[in-house]
Amino acid sequence: MKIISLFSVVRGYNIPIIVLAQYLSAIFILSPNTRALDVILDFNLFIIVLASTLTIASGYIINSFYDSQKDLINKPNKTMLDRLVSQKTKLQVYFGLNFFVFLIATLVSWRAVFFFSAYIFLIWFYSHKIKKYPIIGNITAALLAILPFFAILLYYQKIDGILQNLNNEKYYVIFAHAGFLFLLILIREMIKDLENIKGDLVQNYRTIPVILGESFSKKIITLLVICTIVPVYILIEVYDVGYMDIYFYLSFIVLLFFLIKLWNSDSRENYLLLHNVLKFIIVAGVFSIVLIKPSVILHSREVLDI
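The structure displayed is predicted, hence computed values, not measured ones.

Even after reading the chapter, I still don't get helix α8 (residues 110–128), so can you show me in this structure?
In an α-helix, one turn spans 3.6 residues, which is why side chains three or four residues apart end up on the same side. Along its 19 residues, α8 runs 27 Å from first to last C-alpha, staying within 8% of the 27 Å computed at 1.5 Å per residue. All buried positions along α8 are accounted for by Ala112, Val113, Phe115, Phe116, Tyr119, Ile120, Ile123, Tyr126 and Ser127. You can read the cap of α8 off the contacts: a side-chain oxygen lies 3.3 Å from the backbone nitrogen of Arg111, and it is on Ser109.

Dropping the structure here:
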């Protein structure tokens, strides 16, 4: 039961999705001219993906550590399961994971060490301080969620090369994808604030629903959904994303129904449903990356170069 509890704390069910998302991004977006098999067997990329997932897992631990009282109100069943592992053990696992991340990052480069050290610190600072404040807490959470993908970007292209080639079409496509994902995660964070308003109020978390009310939060979420039109338009009309445009069209239709449901929601159960809808869109987006160039999956010749 303690193993299951720790699995729940680190949200182990999210880890395969994170791994898959990073590898698919590397194959189809960041390194489209490299054999897929070479990407999969790249040891340094494996280390970066492993370090990313372990850092995110440790982030869930420290977040659970600081939010234990709030989650007891908002998520009593999950919290009781999570509490089967003591706070002391959680901290031991947290520091152990971060130390291991530091060690394996040294196998790649000093840039990887610096990146993951900064990432670990930012996650801790967010959990300890930033998440209690409106807007900046939501934005920081969304940025932290997409940072692992920039770790892969920096691996394939050094930062000085990125700065020198900002006019490269590849970077516009990457940032458009990142922009769409960022907006989805930011909307999800706003929904989580509505979902957890009771616990936030009791624990003095100064979120937007607590300070300005649910109606104002819904207006901001509506604006953010409208903003998703920009990256979607860029990816569909300006650049070639293959058959992935089907995903963007369907996502936008789902988001329209999402808004209708949002304005008719007034309970935690309703907000939880909306939260799960956003999760579905995000996870579907991960699997839809293969639609950029499905021939890689359909024809082993392109994967194996035979």
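Teacher, can you tell me more about the pattern of salt bridges here?
Pairs can form between side chains of opposite charge once their charged atoms are near each other. For the coordinates displayed, the defined rule picks out three salt bridges. Residues Glu195 and Arg268 are paired through a salt bridge, measuring 3.6 Å at the closest nitrogen-oxygen approach. With Glu195 in helix α11 (residues 169–195) and Arg268 in helix α17 (residues 268–288), this residue pair connects regions lying 73 residues apart in the sequence. Judged by its relative accessible area of 6%, Glu195 falls in the buried class. A cluster of three or more residues bridged by salt bridges with shared partners is formed by Arg188, Glu189 and Lys192.

Looking at this structure, how should I read the side chain of Ser127?
With respect to the helices and strands, Ser127 occurs in helix α8. Residue Ser127 is classed as buried on the basis of its relative accessible area of 2%.

Whenever I open this one, the nonpolar core confuses me. Can you help?
Note on soluble globular proteins: their nonpolar side chains tend to be buried together. Ranked by size, the top nonpolar core spans 82 residues in total, and within it Phe116, Ile191, Ile221, Phe248 and Phe258 carry the most contacts. Examining the composition of this core, we find that 14 residues originate from one element, α11, more than from any other.

Hey, could you run me through the packing of aromatic side chains in this one?
The geometry of an aromatic ring pair comes down to the distance between the two centres and the angle between the two planes. Per the stated rule, a full pass over the model turns up 10 aromatic pairs. Ring geometry for Phe115 versus Phe116: centroids 5.2 Å apart, planes at 85°, classification edge-to-face. Grouping residues by exposure puts Phe115 and Phe116 together as buried. Seen from their ring centres, Tyr247 and Phe248 are 5.2 Å apart, and the 65° between their planes marks the pair as edge-to-face. For Phe248, a relative accessible area of 1% corresponds to the buried category.

What am I meant to see in the packing of helix α14 (residues 214–227) against helix α16 (residues 245–263) here?
Helix-helix packing: each pair is described by the crossing angle between the helix axes and the interaxial distance. At a minimum axis separation of 11 Å, α14 and α16 run at an interaxial angle of 170°. By the angle class used here, α14 and α16 are roughly antiparallel. Across the interface between the two elements, Ser215, Lys218, Lys219, Ile221, Thr222 and Val225 from α14 touch Phe252, Leu255, Phe258, Leu259, Leu262 and Trp263 from α16. The class makeup of the residues in the contact of α14 with α16 is eight nonpolar, two polar and two charged.

Sorry if this is basic, but what is going on with a nonpolar patch on the surface here?
Together, Tyr243, Ile246, Leu250, Ile253, Phe257 and Ile260 line one region of the surface with nonpolar side chains, adding up to about 650 Å² of accessible area. Note that Ile246 resides in helix α16.

Explain the packing of α14 against helix α15 (residues 229–238) to me, please; I cannot follow it from the model alone.
Taken N-terminus to C-terminus, the directions of α14 and α15 make an angle of 10°; their axes are 5 Å apart at the nearest point. By the criterion of interaxial angle, the relationship of α14 to α15 is roughly parallel. The residues of α15 that touch α14, namely those facing Val225, Ile226 and Cys227, are Ile229, Val230 and Pro231. In terms of residue class, the contact of α14 with α15 is built from six nonpolar, no polar and no charged.

Quick notes on the rules
Residue positions are counted from 1 within each chain, in the order its sequence is given. Where local features are concerned, this predicted model is filtered to residues with pLDDT of at least 70; where side-chain atom pairs are given and counted, the filter is 80 or more; whole-chain, interface and lining totals use all residues. The side-chain numbers reported here are obtained from all heavy atoms of the structure, hydrogens and water having been left aside. Numbering goes from the N terminus for both helices and strands, where a helix is a DSSP run of H or I of at least four residues and a strand is a run of E of at least two. Take the residue count of a helix, subtract one, and multiply by 1.5 Å to get its expected span. Only protein chains enter the accessibility calculation, which uses a 1.4 Å probe; a residue whose area is less than 20% of its type maximum is buried, one above 50% is exposed, and one in between is partly exposed. Counting of polar contacts relies on pairs of N or O atoms within 3.5 Å, with two restrictions inside protein: one atom must be capable of donating a hydrogen and the other of accepting it, and residues adjacent in sequence are counted only when both atoms are side-chain atoms. For this analysis, a salt bridge means a side-chain nitrogen from Lys or Arg found within 4 Å of a carboxyl oxygen belonging to Asp or Glu. We call a set of buried residues a nonpolar core when its members are Ala, Val, Leu, Ile, Met, Phe, Trp, Tyr or Cys and they connect through side-chain atoms within 4.5 Å of each other. Whether two aromatic rings pair depends on their centres lying within 6.5 Å, for rings of Phe, Tyr and Trp, where Trp uses its six-membered ring; planes under 30 degrees apart make the pair stacked, over 60 edge-to-face, and the rest tilted. The axes used here are C-alpha line fits, helices contributing only the stretch in contact, and every angle between their N-to-C directions lies in the interval 0 to 180 degrees. Angular relationships are summarised with four words: roughly parallel below 35 degrees, roughly antiparallel beyond 145, roughly perpendicular across 65 to 115, and oblique for the angles in between. Only heavy atoms enter the contact rule, under which two residues are in contact if any of them lie within 4.5 Å. All residues other than Ala, Val, Leu, Ile, Met, Phe, Trp, Tyr, Cys, Pro, Asp, Glu, Lys and Arg, Gly among them, are scored as polar; the first ten of these are nonpolar and the last four charged. Only residues whose relative accessible area exceeds 30% and that form no salt bridge enter a patch; like-charged residues are grouped when within 9 Å of one another, and nonpolar side chains (Val, Leu, Ile, Met, Phe, Trp, Tyr) when within 5 Å. In this description, accessible areas are obtained by the Shrake-Rupley approach with a 1.4 Å probe, and a residue is regarded as covered only by the protein chains that are shown.

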